[in-house]
Amino acid sequence: MTTTHSTEVPLQELQQQFDTTIARDQRVEPRDWMPDGYRKTLVRQIAQHAHSEIIGMQPEGEWITRAPSLRRKAILFAKVQDEAGHGLYLYSAAETLGADRADLTERLIEGRQKYSSIFNYPTPTFADVGVIGWFVDGAAICNQVPLCRSSYGPYARAMVRICKEESFHQRQGYELLMTMMRGTEAQRAMVQDSVNRWWWPSLMMFGPPDGDSPNSAASMAWKIKRHSNDELRQRFVDMTVPQAEKLGVTLPDPDLRWNEERGSNDFGTPDWEELKRVISGGGPCNAERVERRRSAHEEGAWVREAATAHAAKQAARAREGATAS
Amino acid sequence: MSDDHVYMTLAEGHEDDSRWAYGTGFEDPLHGVDTTVPEGVDAGRLAADCVALADDALVSAQRLAEWTTRAPELEEEVALANIGLDLLGQARLLYARAGQVDGTGRDEDAYAYFRDAEDFRNVRLAELPCGDFAFSIVRLLVLSSWRLAHFEQLSAHPDPVLAAIAAKGVKELTYHRQYAAEWAVRLGDGTEESRRRTRTAMEQVAPYLGELFTAYDVRGEVVAVLRQVTEAAGLPMPVYRPLPGAGRAGERTEHLAPLLAELQSVARAHPGATW
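Remember, it's a predicted structure, so these values are computed and weren't measured experimentally.

## Remarks on the packing of helix α4 (residues 70-95) of chain A against helix α2 (residues 43-65) of chain B
Where α4(A) meets α2(B), the axes come as close as 12 Å, and the angle between the chain directions of the two elements is 35 degrees. At the point where α4(A) passes α2(B), the crossing takes the left-handed sense. Between α4(A) and α2(B), the contacting residues are Leu70(A), Lys73(A) and Phe77(A) on the first element and Leu58(B), Ala61(B), Gln62(B), Leu64(B) and Ala65(B) on the second. Taken together, the residues of the contact of α4(A) with α2(B) sort by class into six nonpolar, one polar and one charged.

## So, the environment of Val237(A)
Residues and elements named next belong to chain A. By the element assignment, Val237 lies in helix α10 (residues 229-247). Measuring from C-alpha to C-alpha, the distance between Val237 and Asn265 comes to 7.1 Å, with 28 residues separating the pair along the chain. Leave out the neighbours within four places in its chain, and Val237 touches Trp199, Leu203, Leu256, Asn265 and Phe267.

## Thoughts on unusual backbone geometry
Backbone geometry places Asp25(A), a non-glycine residue, at a positive phi of 65 degrees. Tracing the chain through its elements places Asp25(A) in the loop between α1 (11-23) and α2 (36-55). With a phi angle near 70 degrees, Thr69(B) is a residue other than glycine that sits in the positive phi range. Note on placement: Thr69(B) falls in the loop between α2 and α3 (74-101).

## Details of the confidence of the model for chain B
Residue and element names in this part refer to chain B. Mean pLDDT over chain B stands at 91; residues scoring 70 or higher make up 89%. Confidence over residues 1-7 falls short of pLDDT 50; this stretch has 21 contacts with residues more than four positions distant or in other chains. In the model, residues 13-25 has pLDDT below 50 throughout and makes 21 contacts with residues more than four positions away in sequence or in other chains. Quick note on the complex model: pTM equals 0.92, ipTM equals 0.92.

Rules and cut-offs
Residues numbered from 1 in each chain as written. Chains lettered and ligands numbered in written order. Predicted model: local features only at pLDDT ≥ 70, side-chain atom pairs only at ≥ 80, totals over all residues. Heavy atoms only, no water. Axes fitted to C-alpha atoms, helices over the stretch in contact; angles between N-to-C directions. Helix = DSSP H or I, 4+ residues; strand = E, 2+ residues; numbered from the N terminus. Left-handed = near helix turned anticlockwise from the far one by under 90°. Contact = heavy atoms within 4.5 Å. Nonpolar A, V, L, I, M, F, W, Y, C, P; charged D, E, K, R; others polar. pLDDT = per-residue confidence, 0-100.

Pasting the structure below:
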């Protein structure tokens, strides 16, 4: 696909045009020439992001049928539905680069493409719904708001819409926790327990430390990515600390303290071995998450086949009708 | 940085949460509405009607929620959730109305979480397990056609609140019926397997049609829809052979109690909690 224009315009010139677009902070659009590496990196990142939205429906989706009030049920149902919608926008953005949704889904269920490690943790209590909203959607916003200025147009535009909805989800999560903290002692304990379980995995959502992030440099140069993993992680910590205070929970890090000199919080080192383990399939729920996605996909095969067959029959009938008349 | 504005301001200004969190700040969904029961309307009967219609909607929404993360395609994830959310919304308004007119002042959660299976009045078709996609679609087709026809009648109800809830629901149910009808045709016409599954679903739904037609006088409308769809799909009409009893009279299948046990589990495990 990258060579369609090259019969007319020399490669060097195309590369130069591309570089100028990036340097001027302009957007690369689907019909523009782009280097293979740029296209591949984007497909990989957008697909992983789409997979994360779809797999990310599972941990919270577990609670829709059990949400303890009709209002919370409606909020959660709508949120999980939004995630399916985000998956759709993102798969569509990947398709503008020549990828195919069905193929990307195959890669996901065969374990050839990854999704965010955070969704491999379990959700044993309803407080997890609130903490996921607060931490996980919060971290996602930190990661994703800069992507609204990503150099690839369709991705950047999808991110604008996604970020608006994510910020809504985050508010809802935090509001649930505020309500629970005003409730019974058991509810407050449930919130603190959930915070303890999700804090470190949430810090890992920003990826490995900068020195150990193999894909970051190219993504930064191409302006697919705008900030380093460590920068975003620091920003997340600094924003979350006052929110935790207001909520009345303790973040489970003995090394967490304000550093006057840096004007930032110092914090402990996440267990990078755990991150590696979870990314490579050894997290608490990796197998069941992929298995659920696989079984939904396989059990739905006859439905998709029926839709295709019906469409083909309709088209044939239309042709026959046209010939007959 | 300004681009993280939303996150940075999270801990500030919680007085106006209603701006942010869907559903928050609306403790009373009928706030500001004149809730006086008009003269000539039997309040007990009105409350019972609202509860029965709310139970249909809540139980259906619960079954639709079970499709989440299991739907055959992402578009269906979105659509089934959308329909579930509409029905959940209808249930909430109807419970709220029931609580106002039955003299108990109960809120929506009291009806949903603190009644047992024998107190529910939904039609039995709503509580049957999801089955496969064909069964869920055929059931949705039947229930949405039935509810739509009845809501059209109710939009002229002497109680203005029920009439308004019904009028809002008509728009939603029109879409639900359209969605289900399109899929029923696709599945009926599609492949050997989809045709077989859809035909089976029609047979499974048939015994539960009787109590729908006993509850409301909408048989003509529902049969007309089913005839149109089965014709387009090349399927036979379901044979009308009603099962005795009725969910509206409190008779249940074995499936409602486990559905409610799940729905009510967290709420009942934490008495005195606020969510």
